Amino acid sequence: GHENNPMWLPEDTKQGLPLDQITLPQVLKQNGYTTGHVGKWHLGAHPHFHPLKRGFDENFTALGGGHVYFPGDKAGPEYLIPLDRNGVAEPQKSYLTDQFGDEASAFVQRHAQGQPWFLYFAFNAPHTPLQAPEKWLAKFASIQDPNRRTYAAMIASLDENVGKVLAQLDSTKQRENTLITFISDNGGPHLAVKGKGMTNFADNTPLRGAKGAVFEGGIRVPFLVSWPAKLKPGVYDQPVISLDFFAMAIAQAGGQVPADRKIDGVNLIPFLSGENKAVPHDVLFWRSQGPKGHYAARMGNWKF
């Protein structure tokens, strides 16, 4: 029932992830995990949708759907709201991707000892506005299109900050037994839409469609899983879905998925390890923009 991006309406008690939905951090907390969130939220602006109300012990967050990357830049009200640390407003101090990377690394360092932890690290990049540090723009000076050059620079900055977190896992000797998933939320936008901030800086070739569509260009995205102690490097060919992470994480934490509702995701670890040779899903479905919106289905080698 949560298929659309909520508007930035702090007074609206309905626009957000419904309160009757059980979140992954809520389940993991029941199994002794410390839970943290760093990065974008965009799951409701009203206080009762706040990360600390949805299962997180700690948060450092841009609560809206987007944010300026450099302090002091101009943008609409939603993109200028203060960052939020555990329910308290805090000014932005540096390039946003770097600041999020520093906060995520600090969380990993802070919880290196003691009870197990879960970190939801949601980069805002490469969402608009297109803004990148000069050091990365210089690295991609050979790209002629300025939007494409900035887009590449923003991705490089994201990669650098993923590296910060991985380095922290290494230095605290947690890397070997940490389950990491990296996934994009949607395909890149590539249509020029006047007034919408979308330009042709992303390229989903050879897939049809883009962000907001249920063609493969909108829904077929990178999905990486790393767990050195359990999984060997490789490529998994069967269709999976981001919903699988819920069941996968809970299974590894020794918990139980909620029994009072149907859970669409499955634990992927036995499939990725080769222990289970079957197909994780007989059929997959997508819907966007509600019952009158767009639909897609995938069954075996057939797609609709």
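Residues numbered from 1 in each chain as written. Predicted model: local features only at pLDDT ≥ 70, side-chain atom pairs only at ≥ 80, totals over all residues. Heavy atoms only, no water.

1. Overview of the nonpolar core
Keep this limit in mind: To form a nonpolar core, buried Ala, Val, Leu, Ile, Met, Phe, Trp, Tyr and Cys residues must be joined to one another through side-chain atoms within 4.5 Å. Only protein chains enter the area calculation, which uses a 1.4 Å probe; residues under 20% of their type maximum are buried, those over 50% are exposed, and those in between are partly exposed. Runs of E in the DSSP output that reach at least two residues are strands. Runs of H or I that reach at least four are helices, and both are numbered from the N terminus.
With 24 residues, the main nonpolar core has Tyr69, Phe100, Val108, Trp117, Leu119 and Ala132 as its most contacted residues. Contributing elements (two or more residues each) for this core: strand S2 (58-62), helix H2 (96-110), strand S5 (117-122), helix H3 (134-139) and helix H4 (146-171). Looking at this core element by element, the count peaks at six residues for H4. Counting 13 residues, the second-largest nonpolar core is a separate cluster that includes Leu28, Ile81, Ile250 and Ala253.

2. Remarks on the packing of H2 against H4
Note the cut-off: Whenever a helix is involved, its axis is fitted only over the stretch in contact; in every case the axis is a line through C-alpha atoms, and angles between N-to-C directions fall within 0 to 180 degrees. Angle categories are assigned with fixed cut-offs, so that under 35 degrees is roughly parallel, over 145 is roughly antiparallel, 65 to 115 is roughly perpendicular, and the rest are oblique. Left-handed describes a crossing whose near helix is turned anticlockwise from the far helix through less than a right angle; right-handed describes the clockwise counterpart. Two residues qualify as a contact provided that any one of their heavy atoms is within 4.5 Å of a heavy atom in the partner residue. Residue type decides the class: Asp, Glu, Lys and Arg count as charged, Ala, Val, Leu, Ile, Met, Phe, Trp, Tyr, Cys and Pro as nonpolar, and the leftover types, Gly among them, as polar.
For the pair H2 and H4, the least separation of the axes is 9 Å and the interaxial angle reads 10°. By the angle between their axes, H2 is roughly parallel relative to H4. Of the two elements, H2 crosses H4, and the hand of that crossing is right-handed. Contacts from Thr97, Asp98, Gly101, Asp102, Ala104, Ser105, Val108 and Gln109 in H2 reach Ser157, Leu158, Glu160, Asn161, Lys164, Val165, Gln168 and Leu169 in H4. Of the residues in the contact of H2 with H4, the class split is five nonpolar, seven polar and four charged.

3. Examining a nonpolar patch on the surface
Definition in use: For patches, a residue must show more than 30% relative accessible area and have no salt bridge; joins then use 9 Å for like charges and 5 Å for nonpolar side chains, namely Val, Leu, Ile, Met, Phe, Trp and Tyr. Per-residue accessibility takes into account occlusion by the displayed protein chains alone, with areas from the Shrake-Rupley method and a 1.4 Å probe. Salt bridges are defined by distance alone: a side-chain nitrogen of Lys or Arg within 4 Å of a carboxyl oxygen of Asp or Glu.
On the surface, a nonpolar cluster with roughly 500 Å² of combined accessible area is contributed by Val283, Phe285, Met299 and Trp302. Note on placement: Phe285 falls in strand S8 (residues 283-288).

4. Let's talk about the pattern of salt bridges
As enumerated under the stated definition, the model contains ten salt bridges in all. Glu58 is the partner of Arg110 in a salt bridge, and the nearest nitrogen-oxygen pair spans 2.6 Å. Taken together, the positions of Arg110 in helix H2 and Glu58 in strand S2 put the pair 52 residues apart, joining distant regions of the chain. Judged by its relative accessible area of 19%, Glu58 falls in the buried class. For Arg261, the salt bridge is made with Asp260, and the minimal N-O distance between the two is 2.9 Å. Given the relative accessible area of 29%, Arg261 is considered partly exposed. The exposure class assigned to Asp260 is exposed, which follows from its relative accessible area of 57%. Among the charged side chains, a network of salt bridges with common partners joins Arg85, Glu90 and Glu103.

5. Focus on H4
One turn of an α-helix holds 3.6 residues; hence residues three or four places apart share an orientation. Selection criterion: Under the convention used throughout, the expected extent of a helix is 1.5 Å for every residue step, that is, one less than its residue count.
With 26 residues, H4 should reach 38 Å at 1.5 Å per residue; the first-to-last C-alpha distance of 37 Å fits that figure. All of the buried residues along H4 are Thr150, Tyr151, Ala152, Ala153, Met154, Ala156, Ser157, Leu158, Asn161, Val165, Gln168 and Leu169. Tucked into the core, H4 has its buried residues touching H2, S5, H3 and strand S6 (180-183). Within two residues after H4, Lys173 carries a phi angle of roughly 60°, on the positive side.

6. A closer look at the sheet that holds strand S9 (residues 294-299)
Rules: At least two bridges found by DSSP between two strands is the condition for calling them paired.
Spatially, the three strands line up as an open sheet ordered S8-S9-S10, and their pairing is antiparallel. The open sheet has two edge strands with one neighbour each: S8 and strand S10 (302-303). Judged from the six bridges that link them, S8 and S9 form a sheet pairing that is antiparallel. When the bridges of S9 are listed, Trp286 appears paired with Ala296.

7. Some remarks on the sheet that holds strand S1 (residues 34-40)
Spatial ordering of the open sheet is given by S4-S3-S2-S1-S5, a layout of five strands whose pairing is mixed. What marks the edges here is a single partner per strand, and that holds for strand S4 (88-90) and S5. Taking each pair of neighbouring strands and ignoring which way they run, the sheet shows an average axis angle of 15°. Inspection of the sheet shows S2 paired to strand S3 (residues 83-85) by two bridges, in the antiparallel sense.

8. So, the packing of aromatic side chains
Put simply, the test is: Aromatic rings from Phe, Tyr and Trp, taking only the six-membered ring of Trp, are treated as a pair when their centres fall within 6.5 Å; an angle between ring planes under 30 degrees marks them as stacked, one over 60 as edge-to-face, and anything in between as tilted. Working rule: Lys NZ or Arg CZ, within 6 Å of ring centre, within 35 degrees of ring normal, means a charge sits over the ring.
Overall, the coordinates contain nine aromatic pairs when judged by the stated rule. Connected via pairs of aromatic rings, a cluster forms that spans Trp41, Phe56, Phe118 and Tyr120. One cation-aromatic arrangement involves Arg208 over Phe215; the distance from NZ or CZ to the ring centre is 3.7 Å.

9. Here's the deal with the side chain of Ser105
Within the element layout of this structure, Ser105 appears in helix H2. By relative accessible area, Ser105 is classed as buried at 8%. Once residues within four sequence positions are removed from consideration, Ser105 is found in contact with Lys164, Val165 and Gln168.

10. A look at the environment of Asn161
Tracing the backbone shows Asn161 in helix H4. Classification of Asn161 as buried rests on a relative accessible area of 0%. Between the C-alpha atoms of Asn161 and Gln99, which are 62 residues apart in sequence, the distance is 9.1 Å.

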